[in-house]
Amino acid sequence: MEAVRRTLIAGNWKMNLLREEAYVLIGGILQESAPYTGVDTLICPPFLYLEIAVQITKNAPLFVGAQNLFYEESGPFTGEISAAMLREVGCSHVIIGHSERRAYFRESNRELNRKISACLACGMTPILCIGETLEQRTTGATFETLNEQLTYGLQGIDGASVCTMVIAYEPVWAIGTGVSAESSQAEEVHRFIRDVIAKFTDEESAQALRIIYGGSVNSANAGELLSCDNVDGALVGGASLSLDSFCGIVRTADSLKKQSAAMS
Ligand code: PGA
């Protein structure tokens, strides 16, 4: 039997928007996305806006998540934010291992593994980002790279917890470039990821895992990407900063979900 996975559309705002702009965008998303109940919608604003975002979205079907955390519980870690702090303000998800963090902040798979454990221990959902660079793709190292990121990133985490996580496949060459992966490329990789995860658990449990795609998703290409069997949502960067684009993606995802429900 095919697992029913709820589509997740997540907006990764990165280091963008000043406070007033953030309020306006959150208010707009709340209003515009309200009818699209067939999908989970998540926004990940900068740390400073998380608390207010949670307050504004209270009782609304809009999740609020963080873009990073630090794995220690507390202590002398100047500038860092713990999982418990994020949980306390009401975050439900945390993006972990985004390629920008891997590249600019030298985050290793080992460190990300600790971040995932800390996130799970506080009852939030980690969104683990993995993806190959252009060089890795052109030299045929895509699957080896992804396998390594998954294997070390998820080391020691029990299979049942892994299946409650979200994995985001984000080819580095597609992030912020305007060139998204072809839907066939995304589907091939997502299937591969599900097979790797099945080794941590079993086939049936791996069917429950949500694997979302990120990298130049917009309202024009979302339909094709989200139609793939193993693409369970999108992690949206640039297009999540525009109300029309982000809600266009949410609307597309919702109507695909409703169409497939009507057909089954
Ligand atoms: P993009 O970013 O949609 O701007 O390509 C995606 C991401 O970095 O998560």
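Numbers given for residues are sequential positions, taken from 1 along each chain in its written order. Thresholds applied to this predicted model are a pLDDT of at least 70 for local features of residues and 80 or more for the giving and counting of side-chain atom pairs; totals over whole chains, interfaces and linings are not thresholded and use all residues. Computation of side-chain values: all heavy atoms of the structure, hydrogens and water removed.

(A) How the structure looks around the packing of helix H5 (residues 109-121) against helix H7 (residues 142-153). Their axes nearest at 8 Å, the elements H5 and H7 cross at an angle of 50 degrees. Compared by their axis directions, H5 and H7 come out oblique. Taken as a pair, H5 and H7 cross one another with a handedness that is right-handed. Every residue of H7 that contacts H5 at Asn109, Asn113 and Ile116 is listed here: Glu148, Gln149, Tyr152 and Gly153. In this analysis an axis means a line fitted to C-alpha atoms, helices contributing only their contacting stretch, and an angle means the value between N-to-C directions, from 0 to 180 degrees. Each helix corresponds to a stretch of at least 4 residues labelled H or I by DSSP, and each strand to a stretch of at least 2 residues labelled E; elements are numbered beginning at the N terminus. An angle below 35 degrees is treated as roughly parallel, one above 145 as roughly antiparallel, one from 65 to 115 as roughly perpendicular, and anything else as oblique. Crossings are assigned a handedness: left-handed for a near helix turned anticlockwise from the far helix by less than a right angle, right-handed for a clockwise turn. In what follows, residue pairs with any heavy atoms lying within 4.5 Å of each other are defined as contacts.

(B) Examining the packing of aromatic side chains more closely. Put simply, two rings from Phe, Tyr or Trp (the six-membered ring, in Trp's case) pair if the centres are within 6.5 Å, and we call them stacked under 30 degrees between planes, edge-to-face over 60, tilted for the rest. Tallied over the full model, the rule gives four aromatic pairs. The structure contains a cluster of three or more aromatic residues connected by ring pairs, namely Phe70, Tyr71 and Phe77.

(C) Just H7, in detail. One less than the residue count of a helix, multiplied by 1.5 Å, gives the span that helix is expected to have. For H7, which comprises 12 residues, the first-to-last C-alpha distance of 16 Å matches the rise-based estimate of 16 Å (1.5 Å per residue) to within 8%. Among all positions of H7, only Thr142, Thr145, Leu146, Gln149, Leu150 and Gly153 are buried. Seen from one end, H7 has its buried residues packed into an arc of 125 degrees, which puts them on one side. On its buried face, H7 is in contact with helix H4 (99-104), H5, strand E5 (125-130), helix H6 (134-138), strand E6 (166-169) and helix H9 (183-200). For the exposure calls, accessible area comes from a 1.4 Å probe over protein chains only, and a residue counts as buried if that area is under 20% of its type's maximum, exposed if over 50%, partly exposed in between. Here the arc refers to the directions that run from the helix axis out to each C-beta atom.

(D) Focus on the sheet that holds strand E8 (residues 233-236). If you walk around this closed barrel you meet the eight strands as E1-E2-E3-E4-E5-E6-E7-E8, and the pairing is parallel. Shown here is a sheet whose adjacent strand axes are inclined to one another by a mean of 25 degrees, direction ignored. As paired strands, E6 and strand E7 (residues 210-214) are joined by four bridges and run parallel to one another. Across the sheet, Ile167 pairs through a bridge with Ile211, a residue of E7. On top of the sheet, H9 reaches E5, E6 and E7; it is set at about 145 degrees to E7, its chief contact. Here, strands pair whenever DSSP counts at least two bridges between them.

(E) Summary view of the state of the cysteines. Throughout, disulfides are identified as pairs of cysteine sulfur atoms within 2.5 Å of each other. Inspection of the entire model under this criterion finds zero disulfides. Between Cys44, a cysteine without a disulfide, and Cys91, which holds the nearest cysteine sulfur, the sulfur-to-sulfur distance is 8.1 Å. Cys163 takes part in no disulfide bond, and the closest cysteine sulfur to it belongs to Cys119, at a distance of 16 Å.

(F) Here's a closer look at the site of the ligand. If even one non-hydrogen atom of a residue comes within 4 Å of a molecule or strand, that residue is called near it. Neighbouring residues of the ligand: 13 residues in total, closest Lys14, His98, Glu170, Gly176 and Ser216. Polar contact is the term for a pair of N or O atoms within 3.5 Å; when the atoms are in protein, one must be able to donate a hydrogen and the other to accept it, and sequence-neighboring residues count only if both atoms are side-chain atoms. The separation between an oxygen atom of the ligand and a polar main-chain atom of Gly238 is 2.8 Å. Burial of the ligand by the surrounding chains reaches 95%, relative to a free accessible area of 280 Å². Looking at side-chain class alone, the shell around the ligand contains four nonpolar, seven polar and two charged residues. With residues, only the protein chains shown are counted as cover, and all accessible areas are computed by Shrake-Rupley using a 1.4 Å probe. In this classification, the charged set is Asp, Glu, Lys and Arg, the nonpolar set is Ala, Val, Leu, Ile, Met, Phe, Trp, Tyr, Cys and Pro, and all remaining amino acids, among them Gly, are polar.

(G) Up close: H5. In this model, H5 (13 residues) spans 18 Å end to end at C-alpha, consistent with the 18 Å of a helix rising 1.5 Å per residue. Taken residue by residue, H5 has Asn109, Leu112, Asn113, Lys115, Ile116, Ala118 and Cys119 as its buried positions. Where H5 is buried, its residues meet helix H3 (83-89), strand E4 (93-96), H4, E5 and H7. Two residues or fewer past H5, Gly123 is found with a positive phi of approximately 80 degrees.

(H) Region of interest: unusual backbone geometry. Positive phi, close to 70 degrees, is recorded for Asn59, a residue that is not glycine. Mapped onto the secondary structure, Asn59 falls in the loop between helix H2 (50-56) and strand E3 (63-66). A positive phi is found at Arg106, a non-glycine position, where the angle reads about 55 degrees. Here Arg106 shows up in the loop between H4 and H5.

Distances and angles like these do not, on their own, reveal function.
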